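Here is what each chain is made of, one letter per residue.
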Amino acid sequence: MKSYKHIVLSLLIAMTTNIGCKKDDNDLIHTEGYIVGFDPCTINHHYRIGYVIITGDLKDTLITYNLSDNIYKMPASVISNTSDTLYKIPEQYFQNFRNWPFFSDTLRYNYRIMFSYSLAKDNELIFNLCTTDILFLSYPQVIIKSATKYYPNVTSR
């Protein structure tokens, strides 16, 4: 009888552990990466800027529309909340590349960030009307939950 109870208890623990580890597509993901460009439609039509981010391992290219100011301003600030500006990206980076989503190779790794994000749910997706633009970005859209500048070579004392 003890053996039977032990087996049942082991199975219950195993089932509970598996259920607890199940991941949802919208779980928070923590990673580092680079802001490498923007959605040209958002510049051309004065929408809230959509930023293109590549992850540090260069495996994922993402786009987010919640990392910029609510009101379009130049130079565009990259913010995660109204009191914390991560970077001020100079206007010429957007003006010179209005039809191309990526910053030049010399700027590609200038805007390094640590960030947490989740995949945008259907009701969180941004669809901007850009009838005159040829370029359409079809990267996974994400919602940034937090972002900070990332200094990989800085050690705490």
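Nothing here was measured: the structure is a model prediction, and the numbers come from that model.

About the criteria used
One numbering rule holds for all chains: residues counted from 1, following each sequence as written. A pLDDT threshold of at least 70 governs which residues receive local features in this predicted model, and a stricter bar of 80 or more applies before side-chain atom pairs are shown or counted, although totals over entire chains, interfaces and linings include all residues. Calculated side-chain values reflect all of the structure's heavy atoms, with hydrogen atoms and water omitted. Strand pairing requires that DSSP identify at least two bridges connecting the strands. For the purposes of this entry, the term helix denotes a DSSP run of H or I that reaches at least four residues, the term strand denotes a run of E that reaches at least two, and both are numbered from the N terminus. For every element, the axis is a line fit to its C-alpha atoms; helices are fit only across the contacting stretch, and the angle between N-to-C directions ranges from 0 to 180 degrees. Two residues form a contact once any of their heavy atoms are found within 4.5 Å. Classification of ring pairs rests on two measures: the distance between centres of Phe, Tyr or Trp rings, Trp counted by its six-membered ring, which must be within 6.5 Å, and the angle between planes, read as stacked under 30 degrees, edge-to-face over 60 and tilted in between. For every residue, the predictor assigns a confidence score, pLDDT, that lies between 0 and 100. Side-chain atoms within 4.5 Å link the members of a nonpolar core, which is a set of buried Ala, Val, Leu, Ile, Met, Phe, Trp, Tyr and Cys residues. Partly exposed residues are those whose accessible area sits between 20% and 50% of the maximum for their type, while under 20% is buried and over 50% is exposed, using a 1.4 Å probe and protein chains only. Whenever a carboxyl oxygen of Asp or Glu lies within 4 Å of a side-chain nitrogen of Lys or Arg, that contact is scored as a salt bridge. Note on disulfides: each one is a pair of cysteine sulfur atoms within 2.5 Å.

Enquirer: Honestly, the sheet that holds strand S2 (residues 51–55) in this entry has me stumped. Any pointers?
Expert: Two pairing modes exist for strands in a sheet, parallel and antiparallel, and in both the strands are linked by backbone hydrogen bonds. Here we have five strands rolled up into a closed barrel, ordered S1-S2-S3-S7-S6, and mixed in their pairing. The sheet shows a mean angle of 55 degrees between the axes of neighbouring strands, taken without regard to direction. One ladder, built from five bridges, connects strand S1 (residues 29–38) with S2; its direction is antiparallel. The residue bridging Gly37 from the neighbouring strand is Val52, located in S2.

Enquirer: Teacher, can you tell me more about the environment of Lys145 here?
Expert: Along the polypeptide, Lys145 turns up in strand S7 (residues 141–149). Lys145 sits 117 residues away from Leu28 along the chain, and the two C-alpha atoms are 8.2 Å apart. For Lys145, the contacting residues outside a window of four places in its chain are Leu28, Ser116, Tyr117 and Ser118.

Enquirer: How should the packing of aromatic side chains be read in this particular structure?
Expert: Between two aromatic rings, the relevant description is the distance of the centres plus the angle of the planes. Considering all chains together, one arrives at eight aromatic pairs under this definition. In this structure an aromatic cluster arises from ring pairing among Phe38, Tyr87, Tyr93, Phe103 and Tyr111.

Enquirer: I tried to follow the confidence of the model for the protein chain on my own but got confused; where do I start?
Expert: For any part of a model where pLDDT is low, the fine detail of the predicted coordinates should not be relied upon. Predicted confidence across the protein chain gives a mean pLDDT of 77, with 69% of residues reaching 70 or more. A low-confidence stretch, residues 11–25 stays under pLDDT 50, and its non-local contacts, those more than four residues away or across chains, total one contact.

Enquirer: Explanation requested: the nonpolar core in the structure shown.
Expert: With 23 residues, the main nonpolar core has Ile35, Tyr51, Leu67, Ile89, Phe103, Phe115 and Ile144 as its most contacted residues. Elements supplying a minimum of two residues to this core: S1, S2, strand S5 (84–89), helix H3 (91–95), strand S6 (112–119) and S7. Counting eight residues, the second largest nonpolar core, distinct from the first, contains Tyr34, Val52, Tyr65 and Phe102.

Enquirer: How do you make sense of the pattern of salt bridges when you look at a structure like this?
Expert: Pairing between side chains of opposite charge can happen when the charged atoms of each approach one another. A full pass over the atoms with the stated rule returns two salt bridges. A salt bridge links Arg112 to Glu32, with the shortest nitrogen-to-oxygen separation between them at 2.4 Å. One end of the pair, Arg112, is in strand S6; the other, Glu32, is in strand S1, and 80 residues separate them in sequence. Assessed through its relative accessible area of 22%, Glu32 is described here as partly exposed. As a salt-bridge pair, Arg108 and Asp105 come within 3.8 Å of each other at their nearest N and O atoms. A residue is classified by how much of its surface remains accessible, and Arg108, at 21% relative accessible area, is partly exposed. Since its relative accessible area comes to 65%, Asp105 is described here as exposed.

Enquirer: Looking at this structure, I do not really get the state of the cysteines. What am I missing?
Expert: Defined simply, a disulfide is a covalent bond joining two cysteines at their sulfur atoms. Applying the stated criterion across every chain, the model contains one disulfide. Disulfide pairing is shown between Cys41 and Cys130; the S-S distance is 1.2 Å. Taken together, the residues Cys41 in helix H2 (residues 40–44) and Cys130 in the loop between S6 and S7 connect sequence positions 89 residues apart. This pair shows no difference in class: Cys41 is buried, exactly as Cys130 is.

Enquirer: It is not clear to me how the environment of Pro90 should be interpreted in this structure. Could you clarify?
Expert: Mapped onto the elements, Pro90 comes out in the loop between S5 and H3. Note: C-alpha distance between Pro90 and Ser77 (13 residues apart in sequence) is 8.8 Å.

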